[in-house]
There are 4 protein chains.
Amino acid sequence: MRTKLRYGQVGGTLKAFIGGVHRKAIAINEQADLVAGCFSSSNAQSNIECGKHYGIEQGRIYPDYRTMAEMESAREDTIDFVVICTPNRFHYEVARAFIEKGIHVVCEKPLCFSIEEAEELCRLAKEKNVLFCVTYTYTGYNMVKQAKELIQNGEIGEVVDVKAEYLQDWLMDEVDCAESSGKKLSVWRMNPEFSGISNCVGDIGTHIEETVSYMTGCHVRKLAAMLDRFGHELDLNANMLVEFDNGAHGTFSCSQIAAGHYNGLAIRIFGTKGAIEWEQEHPDFLKVTLKGKPTQIYTRAAHTSGHALEMNRIPSGHPEGLTMAFANIYKSFADALLNIINGKSNDGSWDLDFPDAEDGLRGVKFINACVASSAEGAVWVEI
Amino acid sequence: MRTKLRYGQVGGTLKAFIGGVHRKAIAINEQADLVAGCFSSSNAQSNIECGKHYGIEQGRIYPDYRTMAEMESAREDTIDFVVICTPNRFHYEVARAFIEKGIHVVCEKPLCFSIEEAEELCRLAKEKNVLFCVTYTYTGYNMVKQAKELIQNGEIGEVVDVKAEYLQDWLMDEVDCAESSGKKLSVWRMNPEFSGISNCVGDIGTHIEETVSYMTGCHVRKLAAMLDRFGHELDLNANMLVEFDNGAHGTFSCSQIAAGHYNGLAIRIFGTKGAIEWEQEHPDFLKVTLKGKPTQIYTRAAHTSGHALEMNRIPSGHPEGLTMAFANIYKSFADALLNIINGKSNDGSWDLDFPDAEDGLRGVKFINACVASSAEGAVWVEI
Amino acid sequence: MRTKLRYGQVGGTLKAFIGGVHRKAIAINEQADLVAGCFSSSNAQSNIECGKHYGIEQGRIYPDYRTMAEMESAREDTIDFVVICTPNRFHYEVARAFIEKGIHVVCEKPLCFSIEEAEELCRLAKEKNVLFCVTYTYTGYNMVKQAKELIQNGEIGEVVDVKAEYLQDWLMDEVDCAESSGKKLSVWRMNPEFSGISNCVGDIGTHIEETVSYMTGCHVRKLAAMLDRFGHELDLNANMLVEFDNGAHGTFSCSQIAAGHYNGLAIRIFGTKGAIEWEQEHPDFLKVTLKGKPTQIYTRAAHTSGHALEMNRIPSGHPEGLTMAFANIYKSFADALLNIINGKSNDGSWDLDFPDAEDGLRGVKFINACVASSAEGAVWVEI
Amino acid sequence: MRTKLRYGQVGGTLKAFIGGVHRKAIAINEQADLVAGCFSSSNAQSNIECGKHYGIEQGRIYPDYRTMAEMESAREDTIDFVVICTPNRFHYEVARAFIEKGIHVVCEKPLCFSIEEAEELCRLAKEKNVLFCVTYTYTGYNMVKQAKELIQNGEIGEVVDVKAEYLQDWLMDEVDCAESSGKKLSVWRMNPEFSGISNCVGDIGTHIEETVSYMTGCHVRKLAAMLDRFGHELDLNANMLVEFDNGAHGTFSCSQIAAGHYNGLAIRIFGTKGAIEWEQEHPDFLKVTLKGKPTQIYTRAAHTSGHALEMNRIPSGHPEGLTMAFANIYKSFADALLNIINGKSNDGSWDLDFPDAEDGLRGVKFINACVASSAEGAVWVEI
């Protein structure tokens, strides 16, 4: 019986932020070893140095992802899965290359830029029978799982309203032009070549959509979105009205110019019998209010059940943080993959508790709908 | 020189909640004595008992508001102003009667139900040269005034986004029908006869509009509103996208079915250089963030200036509460009225720092626009 | 049956802060009218002007408290109670004068300076059968009453630990001498002539003792106190270990030099089955945790019972504030006094729910014990 | 130039909590590889299985720590440092064995049980010139480092008062005996054989002492401590008055029976010019108040400098959590060790920013003083 997996990484040099988060999240779980990679296809020396520092043998440090997919799939001890941390615009082609070789995939979000590409990846993954995880980080938090558990169990009744937001302030200089003259303002996120059709909604708005979907099981059916560009090519701020498939209404807001907010994903779900509220900046806590009762503060590890309980790693009151949320997603993925590899039939004792290509596709559709709505004056658009 | 005013009240029996708040707010200021009134025109005995308990001489306890306006305006020691706390549907006619006699007016919100009536009251008040105050309570809080002061002084730059909400939960039973069968659900607020065309937006949504207007000086230019009625005649929940006259965007939400929220008016103003946030349930504090700097917690009496400073009554850290916010509105009104009566010209050393009939009119327009937008499927409507 | 009381005030000119709070608190209740007073014995003109502004007839504005006690007690329509808001050092003699005439008393805290005087007032009040209320403000808050109710009902089991503090920062300049040179530092509170043997413990430490006693029913049996004077005659900061009469332990801290704290009375009671926490700066909420369960946020008017429920004046979520806490104490006092005057026997349907002379005496003993302990190097001292 | 270190671990089976935290913290840094170990000396099979799972070659999985120290020190590619995660009572002997072989040491806290042993380890480490890190976790948090930085820079002036506490609730059943009958109450922490002379102070009280020392540079000079045992052999709750070597006073409290607190280390430092407050359950934030100014909320990565800035790993608003604090300590240790190994002289460009054996010794003295004070009735004891 296998107890450890082998994986490779595409992207993720020593200096790259998100690639490091992936490796650390995997390392924390002690479930998989990094044995192959192509960390940079544009800089051969950096590629090799990185590989060496990560302890990879020379022969498995590849010059490009196609070679890597080719060579790895031909080995006896092939990697079990690949982690894709390239710039967003390459996600589609890299993912496709590995799926076609039957190698399981973990891909950074967004899955890709166009709905067609996303649908193609969904189709292929199904056809090739590979697990495909899209790392929407926030679904990995224990208390997000606890919220899902409570809502599924009917604790707050039928969902009737959702208020969710994701506020940051790191692009305020882009709006406050008077002060920023002379500063180098352009960042890759605001360049359509790198970010596609949306900056703010594409980067963080999509996290709102996925986290709410994960928590509630409700998906946005139509929306009216107002994107603010402040003279730039892409959006920096957005507000939207949403209607879910169960008829519930609500608002989504995302911003990169909201002073005093750093990574303020905050979700509030209102039901007929109660409400649940969660904030990413204080992720180990959940506010749960049942009709007429005092609000209760659920605390990670002290008041958790189901997947939220299984994922507890350190005692209550010891903050787990974002890297652990990431690790949780990898744990769900690796647990499932080990079960599959070890031939454990899915008899209900385990499930696939991570965001997949279908979630990635829904995210791409959401972004497209927002941009389309805003272009027409924030009219209502169906997804 | 007059230092004390005389006033009368219409409505406000011993059992009535809001009428008592008005009397207490006035009593706290020690600037005016209650000397006349018509507390109930439907119950003569209650009317007289109330009057006596309030210490009013028999001859100035009137059977109806018309007689009161008539008789009082004929006296030498006529009341300086009247406080109108009747059911909302009578506001218009009562206010009109006193304005016509040249008696200054303080009226509970909403000013009235129709735009025509509101415009008429604005016109008349101007013509008769009477002060007309509409008691939008929350504009009385010191830290709301401090927010206004900071925004006027340009501390947060140009306003670019506003997120405001007013959440309550006291009508949850109206939605959760399964559980509430057998309970007496109907409340007057949900009856159009008493509430006009809107319950939730009319009662609390309008406070959002006024408080934001007061703080920022920005007024809603157009909006798209989604009102939820859950099978009832009037709305219990609403979400809207708004655009202000300076081009800023944002969201307004109000609800009477949001579990865990009691009187949750919360306003966040985002500007090009910073942001200001205020919550009614913790009214003595203001979060102020300047771009790139740590969020600062301004505290009443410790970090106040301008009108916010003038209105401080007790030292910082001693909560002042809602009744004091009410008293602040009355203080602004009474200060101005005493200045006028004492012939002090408005040379810039004082101003009219209270919501007036124009604010009341704007509120009525706002409510009408919300209802119209929602009826057409949350389309955009200009105000 | 009497429904309204008559009262007089000693001290409390227009400029005096606490005297105004008393009048406003009484006015809010609409249970008593101010009909007599001696507002200043040192400034006859101010005395008369104040009396007039408050609407008192000339003949009942007295030049000194002795005359007032004499004359009022001789009238048919004598005042039912007197409110004493003089400087602290006069409390004893003024209170004594009115008690001796059989007039009920409400006295600002501290009751007086010496244990002997306090014992004498207790004895006299009992002998003369007068109600004697000492206005320890914080016992008037609804959620302090709710805490008492829950503890009395055994919700948190046996009290085993208490952590309480009262932090302010308004005397920081007194410590930071380098910066304050040239500033006028001396304040009356730091002068033994006006404050007695303690400044900080005497002013605010005693509120800790009383509020904890009121909530828990536990009284401090012995303590070890460290008072910091920073070169001044009286203390500005204090920390103490306490042992209660039931064996529970804990810490009390009070300070006037704690930056960032304005009126930070915060009390945490730990029991064998749960805990209760309350903060004066957010007085409408109570944190209640039962062993193993999520912390619950009790909210005034939404989750109140007993006296806490009776005292609710405005709906939940509308902050009541300090003046309302004061009004609650007066309501308890006036309700009781009306019951007595109207001959309603104390059959268990009502009680004396306000701090009395015995509480005042215990406070004086507490202050004395703190000073004695600290003088000997923070040794243990029995109360 | 070496860029990676080799390390071994003593203790830390797959099931052991704290051993895993150490490995994960090291893995996150990607600065050291686990190459040797003795994970269990009592269970040979578990020892070997663990070693294999961690990827260690068979020959470097040792049956006991003495053999490991012996064999490793004899290799060319000897481990650079050892991580000691055994039960506390073995810390001394294991640490001693490795120091004597000149191998650098990272040891879990407490360093050991007796002052003599602690002094011996300090002496030996100095003599053998080995780095000795004691993993007082909380000194690793960025905002604890930021607090230290601000205090060192004089931002809050001279420290005059410290209020610190560490509250948990996981041993409430031990107090509430009525309810717990029949439950298995005994835990190893309450057994002197495993915990030495103190449970609560020894486990968590010592973290207060170290974190305050690290932040302020002030050390406790004398204390009066009241330890509560509730009928057990060791303490579950403690309150103390402390005096620091600069004359500042304050209180320390620690508890394992404080309902509603999970890992509530909270430290407040009051100075002549301001105050700083930090809470472990929300570790990425720091409250900083300068005299007369609004409290500022410093946020990790947004408002950090010095070591606090260097240690930032992920952007502001993304919680880093406890494991990252642990990783920070290891980063400081590994950076220093690499500097030493690579012969980089300590020219002021780097320092030893981690708790060392001297801190461990001071912790042992603190625990002893607390127990001695309490035994005599909470008398004052010098450290």
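Residues numbered from 1 in each chain as written. Chains lettered and ligands numbered in written order. Predicted model: local features only at pLDDT ≥ 70, side-chain atom pairs only at ≥ 80, totals over all residues. Heavy atoms only, no water.

## Some remarks on the overall build of chain A
Helix and strand content of chain A: 13 helices and 14 strands. For 383 residues, the compact-globule estimate of 2.2 N^0.38 gives 21 Å, and the C-alpha radius of gyration of chain A, at 21 Å, lies within 12% of that figure. Seen through its C-alpha atoms, chain A measures out along the principal axes to roughly 60 × 55 × 40 Å. Each of the 383 residues in chain A was classed as buried or not, and the buried ones make up 65%. For chain A, contacts bridging at least 24 residues in sequence account for 69% of all contacts bridging at least 6. Of the roughly 13,400 Å² that chain A leaves accessible, carbon and sulfur atoms contribute 49%. (Helix = DSSP H or I, 4+ residues; strand = E, 2+ residues; numbered from the N terminus. Rg over C-alpha atoms; globule rule 2.2 N^0.38 Å. Buried < 20%, exposed > 50% of the residue type's maximum accessible area, 1.4 Å probe, protein only. Contact = heavy atoms within 4.5 Å. Areas by Shrake-Rupley, 256 points an atom, 1.4 Å probe, with all protein chains shown as cover.)

## Some details on the relation of the copies chain D and chain B
One chain copy maps onto the other through a rotation about an axis and a shift parallel to that axis. Expressed as a screw transformation, the operator carrying chain D onto chain B has a rotation angle of 180 degrees and an axial translation of 0.0 Å, and the superposed copies differ by an RMSD of 0.0 Å. The relationship between the two copies is best expressed as a two-fold rotation axis. Among all residues of chain D, the minimum C-alpha distance to the rotation axis is found for Gln296(D), at 2.2 Å. By residue overlap, the copies meet face to face through one surface: 100% of the interface positions of chain D are interface positions in chain B. (Least-squares fit on C-alpha atoms with pLDDT ≥ 70 in both.)

## Quick notes on the sheet that holds strand 4 (residues 104-107) of chain D
Residue and element names in this part refer to chain D. Sheet architecture is open: 5 strands sit in the order 2-1-3-4-5, paired in parallel fashion. Lying at the two open borders of the sheet, with one neighbouring strand each, are strand 2 (32-38) and strand 5 (132-134). In this sheet, neighbouring strand axes are inclined to one another by 20 degrees on average, regardless of whether the strands run parallel or antiparallel. (Pairing = 2+ DSSP bridges. Axes fitted to C-alpha atoms, helices over the stretch in contact; angles between N-to-C directions.)

## So, the interface of chain B and chain A
Listed per partner, the contact involves 44 residues of chain B and 44 residues of chain A. Taken together, the links from chain B to chain A amount to 4 salt bridges. When the shortest N-O distance is used, the salt bridge between Lys291(B) and Asp173(A) registers 2.7 Å. Every element with two or more residues in the side of chain B that touches chain A is listed here: strand 6 (159-167), helix 7 (172-175), strand 7 (220-228), strand 8 (237-244), strand 9 (249-255), strand 10 (264-271) and strand 11 (274-279) of chain B. For the side of chain B that touches chain A, the residue count by class is 18 nonpolar, 14 polar and 12 charged. (Salt bridge = Lys/Arg side-chain N within 4 Å of Asp/Glu carboxyl O. Nonpolar A, V, L, I, M, F, W, Y, C, P; charged D, E, K, R; others polar.)

## Looking at the side chain of Asn88(C)
Structurally, Asn88(C) can be placed in the loop between strand 3 (81-84) and helix 4 (91-100). Ignoring anything within four residues of it in the chain, the contact list for Asn88(C) reads Lys109(C), Pro110(C), Phe113(C), Trp188(C), Arg189(C) and Phe194(C).

## Overview of the packing of helix 10 (residues 200-216) of chain A against helix 13 (residues 357-375) of chain A
Residues and elements named next belong to chain A. It is the contact of helix 10 with helix 13, at a shortest axis distance of 9 Å, that shows an interaxial angle of 125 degrees. Taken as axis vectors, helix 10 and helix 13 run oblique relative to one another. As for how helix 10 packs across helix 13, the hand of that crossing is right-handed. Of the residues in helix 13, those in contact with Val 201, Gly 202, Gly 205, Thr 206, Glu 209, Glu 210 and Ser 213 of helix 10 are Asp 359, Arg 362, Gly 363, Phe 366, Ile 367 and Cys 370. Tallied by class, the residues present in the contact of helix 10 with helix 13 amount to 4 nonpolar, 5 polar and 4 charged. (Parallel < 35°, antiparallel > 145°, perpendicular 65-115°, else oblique. Left-handed = near helix turned anticlockwise from the far one by under 90°.)

## As for the packing of aromatic side chains
Going through the model one piece at a time under the given rule, you end up with 44 aromatic pairs over all chains. Both rings, one in Tyr141(A) and one in Trp278(A), keep their centres 5.4 Å apart while their planes meet at 55 degrees; by these two values the pair is tilted. Taken together, the residues Tyr141(A) in the loop between strand 5 (132-134) and helix 6 (142-152) and Trp278(A) in strand 11 (residues 274-279) connect sequence positions 137 residues apart. Judged by its relative accessible area of 3%, Tyr141(A) is buried. Of the residues examined, Trp278(A) reaches a relative accessible area of 1% and is grouped as buried. Put simply, the rings of Tyr7(A), Phe81(A), Phe326(A), Tyr330(A), Phe333(A) and Phe354(A) touch in pairs and so form one group of aromatic residues. The residue whose ring lies beneath Lys148(A) is Tyr214(A), and the NZ or CZ to ring-centre distance is 3.9 Å. Here Lys222(B) stacks its cationic end above the ring of Trp380(B), 5.2 Å away from the centre of that ring. (Phe/Tyr/Trp six-rings, centres within 6.5 Å; stacked < 30°, edge-to-face > 60°. Lys NZ or Arg CZ within 6 Å of the ring centre and 35° of its normal.)

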